[in-house]
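# Fold and geometry: a report
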Amino acid sequence: MSDNALTRRSFLKRSAAGAAVVAGSGFVGFSAWEQGQQARAAGTKKAVHSLCNSCSSKCGFTAYVGEDGRFTEMVGDKDHPYCDGTLCARGYGYASIAWSEDRLTDPLKKNDAGEFEAISWDQAYAEIAEKVQSIISSDGPQALAMIQDPRPSGSYYTARFMNALGSANVYTHGVACNMSKNSGMTQAIGAADFTADVANAKMVMFLGRSYADGIRPSSLHALQEGHAKGARFVMVDPRYNNSMHFCDEWVPIRPGTDLALILGMAHVLVTQGTYDTAYVEQYTVGFEDWAARLAEYTPEWAAEKTGIPAETIERLANEMWEAAPQSCIEQGWRAAYGCAHQNSGETARALCLFNTLLGCWGLEGGAYMPASASAGKLSDPKFAAPAKPADKILGQAEYPLSSGGMGVSTYALSQVPEGTVKGVFFYQSNCVAGYSNPAQLTEFLASAELSVAIDVQLTETCQACQYVLPDTCYLERLEVPEFVGGKVPVVSLRDRVIEKVHPNTKPVDEIFAELAEACGVGEYFQFTVDELADAQLQTVGLSLDALREEGTHVFEDKALKYALKTSWGTADKKVHFTSEACEKAGFPASPGWLEPKVTPGEGEFRLIGGKQAIHTHTQTANIPALMEITKKYGLERIWMNADVAEQMGIADGDEVELSSETHTGRTRVKVTQRIEPTSIYLPSHYGCSVPEQKTAYQVGLRQMDFVPFHIEPGYGGTMSQETIVTVKKVGA
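Figured I'd write up the structure that's included with this text. (Residues numbered from 1 in each chain as written. Predicted model: local features only at pLDDT ≥ 70, side-chain atom pairs only at ≥ 80, totals over all residues. Heavy atoms only, no water.)

### Focus: the overall build of the protein
Applicable threshold: For helices the rule is a DSSP run of H or I covering at least 4 residues; for strands it is a run of E covering at least 2, with both sets numbered from the N terminus onward. Radius of gyration here is computed from C-alpha atoms only, and the compact-globule reference equals 2.2 Å multiplied by the residue count raised to the power 0.38. Only protein chains enter the accessibility calculation, which uses a 1.4 Å probe; a residue is then buried when its area is under 20% of its type maximum, exposed when over 50%, and partly exposed in between. Contacts are residue-level and defined by heavy atoms, with any inter-residue pair within 4.5 Å sufficient. Values of accessible area rely on a 1.4 Å probe in the Shrake-Rupley scheme; residue burial ignores everything except the protein chains shown. Counted as positive: Lys and Arg. Counted as negative: Asp and Glu. His and the chain ends are not counted at all. Throughout, a charge is located at the NZ atom of Lys, the CZ atom of Arg, the CG atom of Asp or the CD atom of Glu.
Of the regular secondary structure elements, the protein holds 24 helices and 27 strands. Taking 27 Å as the expected radius of gyration for a compact globule of 732 residues, we find that the protein reaches 25 Å, a close match to that expectation. Looking at the protein residue by residue over its 732 residues, the buried ones come to 61%. Within the protein, contacts between residues separated by at least 24 positions form 75% of all contacts whose residues are at least 6 apart in sequence. Accessible surface for the protein amounts to roughly 26500 Å². Of this, 48% is attributable to carbon and sulfur atoms. Charge-centre separation for the protein: the mean point of 62 positive side chains lies 3 Å from the mean point of 88 negative side chains.

Written out as structure tokens, the structure reads:
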């Protein structure tokens, strides 16, 4: 055992802080929270501001730390636009990662037997740098790639490191999340996202996105507020999700057919002439092309595709128009179409165009672009950016509609066996378990000359790499400021809450600065993260010391002002019903019907995934308090329609065998009427295959094991729900 590892005895001694934090969330009891409140009132605790790391929202909170340095309480920041004063169960639970017995404590290297051995930082840096320089010498910097799950310092340092080496290949988790959605929206409105003004709307339609299952507390607050005001909320989802507590109607839809629903509703409005003709005439281009295309997409046609009655489709379209402009289709996320299907990008385009028919852009109760703030250019030469890499990010040519800021990471990995990519870095990204088929991604990585993962615990991605570098957890480090948009934009800070639990771990800024030095590009990292954070804040009239006191600073002067939006991010500043780029990529100029890649036959089902309120993908499954909830309520079970299950002789709680072309696994089943008949729902948090994650190991099934390796044409998404499965009762 490493000298830097926690023993069970030291874990129990040092995890009191984590236990108290979890107690405050309701996992243990009220008394610890009450004691924390009393101590805070008595002034025996200091406040430290930070950002949660349980998901990519990074909600702001205040941590209270006792005189002995123990972290005992966390309270959501009321000014942070994502949490609105409230943290979720994942946020409280994930804080205990600092004291997890499964933390990485030392740099690791895989030996010839395929087993990890602890090595020194100096050895790790030297060997990694030697391989980096060898790859650049033989194949150029574009043979290197970085995949990172965006976090404040992580986003900055990973890109700076790769650009300093001369590579443009910096990828996010976008292929498995929202890249196709963002890319499709960009083709229509020149922006990757928008926000539905749910709190002030008269009607909002959600396509599979469930605020009550994640990812931002403030979104759920808005849903509650809108519901209380009498707004009509319609949930279009194969599964009756937790947001139905605040919704008026559930519309069970066949997976992958949301595009058909939008086309059918658009047909109704256009053929009736019940749309904002003035807005369309003044602020859009290409409407005539889409209007002509819509002629064939009648409600009856859409009903055949979606399984939704034609009269329901027509009614919903008319209700949306009657509520306009205080209505819209919500922007979605990963859920129904983020990167889930072969038609995800085209669904996003059509969604934006339907909202355009409503004339809702920028208006209260409609859909708006969040107000934003950002750091200005830094004048000090030591912060000067490396030269822009000569080549574009790998995969942009092959997937020309993909959002350049995210990149098609799965394509980059597919190029490792081809020899185009020879070295891959990962930062806080469990790509192997969550981005596509794990067996295929592991096979790709096996042929890399260099593979390095930086994380806090051993993940499937770490397991597949040659080197693993131990990061500090988010509570143990200061990071660069995080600028967040909203109705009122803010800047928030993740500061150091506790001292390092494991002395041989390092924060992301140190790791990349020292790795850069070893690779010969250390001149781009001659500053501390404190200096960088302060310099960025100075550009907006703040300082690091000031933000440390404030936690979240609100830019009131940049607050959103409701007004009809008439200028867009496209080249001609108009909404585009047609797209030349889409035509060049093989799609119609305006969105038309595109079939999902797979369609279930007799005895087959579409496998759909989705988030639960207590977990974030695979990241939180190894947290004991959160996994205890999973086990208590059987949340790892698959869902199956009750009528179908009865026909197959399957009862609630039975053990079943789930099979696709790539994998077969066994689990228990939840039999329910809350899922449409052609679907099987598998929560996407389980099936950990790493024994070192003692809590999560082998609990449930992993969705991505059942997903073939494929990439959405043009847009580059994973198509994570283009999967056909069969189900049979074990022993039948």
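### Here we look at the state of the cysteines
What makes a disulfide is a covalent bond joining the sulfur atoms belonging to two cysteines. To keep it simple, the criterion reads: Note on terminology: disulfide denotes any pair of cysteine sulfur atoms within 2.5 Å.
Enumeration according to the criterion identifies 0 disulfides in this entry. In this structure cysteine 59 is a free cysteine whose sulfur lies 4.7 Å from that of cysteine 83, the closest cysteine sulfur available. A residue is classified by how much of its surface remains accessible, and cysteine 59, at 7% relative accessible area, is buried. Unpaired in this structure, cysteine 352 has its nearest cysteine sulfur neighbour in cysteine 360, at a distance of 9.6 Å.

### Brief notes about the nonpolar core
Counted only if it meets this: Only buried residues count toward a nonpolar core, which is a set of Ala, Val, Leu, Ile, Met, Phe, Trp, Tyr and Cys residues joined through side-chain atoms within 4.5 Å.
Judged by nonpolar contacts, the single largest core of 73 residues is most densely connected at Leu207, Phe354 and Leu357. Take this core: its biggest share by element is 10 residues, from helix α9 (residues 258–272). Leucine 207 has contacts with Val236, Asp258, Leu261, Ile262, Ile329, Ala335, Ala336, Tyr337 and Leu351, leaving out every residue within four places of it along the chain.

### Remarks on the sheet that holds strand β27 (residues 724–729)
To keep it simple, the criterion reads: Between any two strands, at least two bridges found by DSSP are needed for them to pair. Axis lines are fitted to C-alpha atoms, over the contacting stretch for helices. Their N-to-C directions set the angle, which ranges from 0 to 180 degrees.
Pairing within the closed barrel is mixed, and its 6 strands lie in the order β22-β26-β23-β25-β24-β27. The average undirected angle you get between the axes of adjacent strands in this sheet is 45 degrees. Sheet topology places strand β23 (residues 638–641) next to strand β25 (residues 664–672); 4 bridges connect them, and they run parallel. Bridge pairing links methionine 640 to valine 671 in β25.

### Section: the packing of aromatic side chains
Where we set the bar: The rule is short: rings of Phe, Tyr and Trp, with Trp giving its six-membered ring, pair when the centres are within 6.5 Å, and they are stacked under 30 degrees, edge-to-face over 60, tilted in between.
Per the counting criterion, the structure on display carries 25 aromatic pairs. Look at phenylalanine 161 and phenylalanine 425: their rings are 5.6 Å apart centre to centre, the planes differ by 80 degrees, and that puts the pair in the edge-to-face class. Of this pair, phenylalanine 161 sits in helix α6 (residues 152–165) while phenylalanine 425 sits in strand β15 (residues 423–427), placing them 264 residues apart in sequence. Taken individually, phenylalanine 161 and phenylalanine 425 each receive the classification buried, so the pair is uniform in this respect. Arranged with centres 5.3 Å apart and planes meeting at 85 degrees, the rings of tyrosine 240 and tryptophan 250 form a pair that is edge-to-face. Of the two residues, tyrosine 240 is situated in the loop between β10 (232–236) and β11 (249–251) and tryptophan 250 in strand β11; the sequence distance between them amounts to 10 residues.

### Focus on the pattern of salt bridges
Rules: We define a salt bridge as a side-chain nitrogen of Lys or Arg found within 4 Å of a carboxyl oxygen belonging to Asp or Glu.
Enumeration over the complete set of coordinates arrives at 35 salt bridges. The closest approach of N and O atoms between aspartate 289 and arginine 293, which form a salt bridge, is 3.3 Å. Of this pair, aspartate 289 and arginine 293 both sit in helix α11 (residues 287–294), 4 residues apart, which is roughly one turn of that helix. Note that arginine 702 and glutamate 460 form a salt bridge whose closest N and O atoms lie 3.1 Å from each other. Here arginine 702, found in the loop between β26 (679–681) and β27, pairs with glutamate 460, found in helix α18 (residues 460–464); they are 242 residues apart in sequence, far enough to count as distant. For the pair arginine 702 and glutamate 460, one class covers both residues: buried.

### Details of the pairing of strand β9 (residues 203–207)
Burial within β9 is extensive, with 5 of its 5 residues counted as buried. Here β9 shows a buried face lined by Met203, Met205 and Leu207 and a second buried face lined by Val204 and Phe206. As judged from the 5 bridges shared by β9 and β10, these two strands associate in the parallel manner. Paired with methionine 205 across the strands is valine 234, a residue of β10.

### Focus on the side chain of lysine 45
Stated formally: In protein, a polar contact requires one atom able to donate a hydrogen and another able to accept it; more generally it is a pair of N or O atoms within 3.5 Å, and residues adjacent in sequence count only if both atoms are side-chain atoms.
Looking at the element boundaries, lysine 45 is found in strand β1 (residues 45–51). Here lysine 45 occupies a buried position and makes no salt bridge, while the nearest side chain of opposite charge, glutamate 73, is found at 4.3 Å. Within the local environment of lysine 45, its side chain forms a polar contact with the side chain of threonine 72, the two groups lying 2.4 Å apart.

### Some details on the sheet that holds β1
Read across the open sheet, the 3 strands follow the order β1-β2-β3; overall the sheet is antiparallel. Strand pairing shows two members of the sheet lacking a second neighbour, β1 and β3 (71–76), which therefore form its edges. Looking at each pair of strands side by side, their axes are set apart by 30 degrees on average, direction ignored.

### A word on unusual backbone geometry
Put simply, alanine 324 and proline 325 share a cis peptide bond, and its omega is 5 degrees. Note on placement: proline 325 falls in the loop between α13 (310–323) and β13 (327–329). Residues other than glycine seldom take positive phi values, yet methionine 719 does so here, at roughly 55 degrees. For methionine 719, the location among the structural elements is in the loop between β26 and β27.

### Let's talk about the pairing of β3
As a general feature of sheets, a regular strand has side chains that alternate between the two faces. In this structure, strand β2 (residues 60–66) lies alongside β3, joined through 5 bridges in antiparallel fashion. The residue of β3 that forms the bridge with tyrosine 64 is glutamate 73. Taken together, β2 and the strand that follows it, β3, pair antiparallel across an intervening segment of 4 residues, in which glycine 69 is found at a positive phi of about 85 degrees.

### Quick look at helix α17 (residues 438–446)
Basically, it comes down to this: Think of the arc as the fan of directions from the helix axis to the C-beta atoms.
Among the residues of α17, those classed as buried are Pro438, Leu441, Phe444 and Leu445. Summarising the axial view, the buried residues of α17 lie within an arc of 125 degrees, below the 170-degree limit, and thus occupy one face. Summarising the geometry of α17, the exposed residues directed more than 90 degrees from the buried face are Ala439, Glu443 and Ala446. At its buried positions, α17 is contacted by α15 (409–414), β15, α16 (431–434), β16 (450–455) and α18. The distance from a side-chain oxygen at the start of α17 to the backbone nitrogen of alanine 439 is 3.3 Å, and the residue carrying that oxygen is asparagine 437.

### Quick look at helix α5 (residues 121–139)
Spacing of three or four residues puts side chains on the same side of an α-helix, whose turn is 3.6 residues. As a reminder, the rule being used: Under the convention used throughout, the expected extent of a helix is 1.5 Å for every residue step, that is, one less than its residue count.
Spanning 19 residues, α5 covers 26 Å between terminal C-alpha atoms, matching the ideal 27 Å at 1.5 Å per step. When we look at burial in α5, the residues that qualify are Trp121, Ala124, Tyr125, Glu127, Ile128, Ala129, Val132 and Ile135. Of the residues trailing α5, glycine 140 is marked for its positive phi of about 85 degrees.

### Looking at the environment of valine 421
Residue position: valine 421 is located in the loop between α15 and β15. Given the relative accessible area of 1%, valine 421 is considered buried. Here the alpha-carbon distance between valine 421 and glutamate 604, two residues 183 residues apart in the chain, equals 38 Å. Apart from residues lying up to four places away in sequence, valine 421 is in contact with Ala143, Ala145, Leu394, Ala412, Gln415 and Val416.

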